[in-house]
Amino acid sequence: MIRLKTLTVLMTGLLCHLAAVNLSAQRLSATDNGPKGQFMLYGSLDYSKTNGPGYHNSTFSTSPGAGIPLGLGYFINNNDLIGVNFAFSSEKQSATDYRMKQREAGIWYSPSMMIGEHFLLIAQVDAHYVWGEQGIRTQEKFNGYRLRAYPMLGVLLGKGWALKFKFGELSNLMTKPKGGASTNNFTAGLSGATFGTGISKNFNFKKKKS
């Protein structure tokens, strides 16, 4: 829990810093016409395959390394969302018969700021339970957790649609096989390997006032 709070503070601080750099970024007030009370679906999918002499490798995931999960969120006000998400990543290597399947499920929180009329500056914090299996021929089960915070730029496309561009990450992924030692993968950086893209759609189930 302490690590999650640290990630939240750091990413919220980054969001405020980026907003300060771009003075046009602002939070919507409670009286503004915004998405409060709406639901949002978001996510991304990625498939790749490499063929070579006598081998082929393939991966299928919600963005490489389960970077951007599939999520359902709810706007608690015009700027902040809370929700649940699910991510998966699978890999096959024919030369070594290596196979890996990883799944994640958890909760998330995301504050945002408007930049003009068509752009959003977004931060997101994820807390995931992780489980799966991997190995050569024999599959070894593992479980663990992932704590992650990252900034995104949103481009509003109209009618509730938006593109999301993840351009950084601060995270820790811990996995532990049954009867084995745990492994921690820490990631921190902007752009490069932490870049990802996704798409989202808002849904308004509130009855329109006549």
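This structure is a prediction, so every number in the text was calculated from the model and none was measured.

**Things to note about the pairing of strand β6 (residues 80–93)**
The sheet contact formed by strand β4 (residues 55–61) and β6 spans five bridges and is antiparallel. Bridged to Ser-61 within β6 is Ser-89. Taken together, the six bridges between strand β5 (residues 70–75) and β6 define a ladder with antiparallel strand orientation. What sits directly across from Leu-72, in β6, is Val-84. Where β5 hands over to β6, the hairpin turn is made up of four residues, counted between the paired strands. The hairpin turn running from β6 into strand β7 (residues 98–115), its antiparallel successor, is four residues long, and Asp-97 in that turn takes a positive phi close to 60 degrees.

**Observations concerning the layout of surface pockets**
The space that makes up the largest pocket amounts to roughly 960 Å³. Forming the walls of the largest pocket are 41 residues, and the residues nearest its centre are Gly-34, Pro-35, Gln-38, Phe-75 and Asn-202. Elements with a minimum of two residues in the lining of the largest pocket: β2 (39–43), β7, β8 (119–136), β9 (140–158), β10 (161–177) and β11 (183–203). The class makeup of the residues in the lining of the largest pocket is 17 nonpolar, 15 polar and nine charged.

**A look at a nonpolar patch on the surface**
Together, Phe-39, Leu-41, Leu-72, Tyr-74, Ile-76, Ile-82, Val-84, Ile-107, Phe-203 and Phe-205 make up an exposed nonpolar region whose accessible area comes to about 890 Å². Going through the elements one at a time, β2, β5 and β6 are the ones with two or more residues in the nonpolar patch. Tracing the chain through its elements places Ile-76 in the loop between β5 and β6.

**Concerning unusual backbone geometry**
One non-glycine residue, Asp-97, lies in the positive phi region at around 60 degrees. Relative to the helices and strands, Asp-97 is located in the loop between β6 and β7. Here Asp-97 falls in the partly exposed class, since its relative accessible area comes to 30%. Positive phi values are uncommon outside glycine, yet Lys-159 reaches one of about 55 degrees. In this fold, Lys-159 is placed in the loop between β9 and β10. For Lys-159, a relative accessible area of 80% gives the class exposed.

**Considering the environment of Thr-138**
By secondary structure assignment, the location of Thr-138 is in the loop between β8 and β9. Residue class for Thr-138 comes out exposed when judged on its relative accessible area of 60%. For the pair Thr-138 and Tyr-98, spaced 40 residues apart in the sequence, the C-alpha separation amounts to 8.9 Å.

**Observations regarding the pattern of salt bridges**
Following the criterion strictly, the structure yields five salt bridges and no others. The shortest N-O distance in the salt bridge between Glu-104 and Arg-146 comes to 2.6 Å. Pair noted here: Glu-104 is in strand β7 and Arg-146 is in strand β9, with a separation of 42 residues, a long-range link. A relative accessible area of 6% means that Arg-146 is categorised as buried. Note that Arg-148 is salt-bridged to Asp-126, the shortest N-O span being 3.2 Å.

What counts as what
Residues numbered from 1 in each chain as written. Predicted model: local features only at pLDDT ≥ 70, side-chain atom pairs only at ≥ 80, totals over all residues. Heavy atoms only, no water. Pairing = 2+ DSSP bridges. Helix = DSSP H or I, 4+ residues; strand = E, 2+ residues; numbered from the N terminus. 1 Å grid on protein atoms, 1.4 Å probe; cavity = no way out; pocket = protein on both sides within 12 Å on 5 of 7 lines; lining within 4 Å. Points joined across faces, edges and corners; volume = space filled by probe spheres on them. Nonpolar A, V, L, I, M, F, W, Y, C, P; charged D, E, K, R; others polar. Patch = residues over 30% accessible without salt bridge, like charges linked within 9 Å, V, L, I, M, F, W, Y side chains within 5 Å. Areas by Shrake-Rupley, 256 points an atom, 1.4 Å probe, with all protein chains shown as cover. Salt bridge = Lys/Arg side-chain N within 4 Å of Asp/Glu carboxyl O. Buried < 20%, exposed > 50% of the residue type's maximum accessible area, 1.4 Å probe, protein only.

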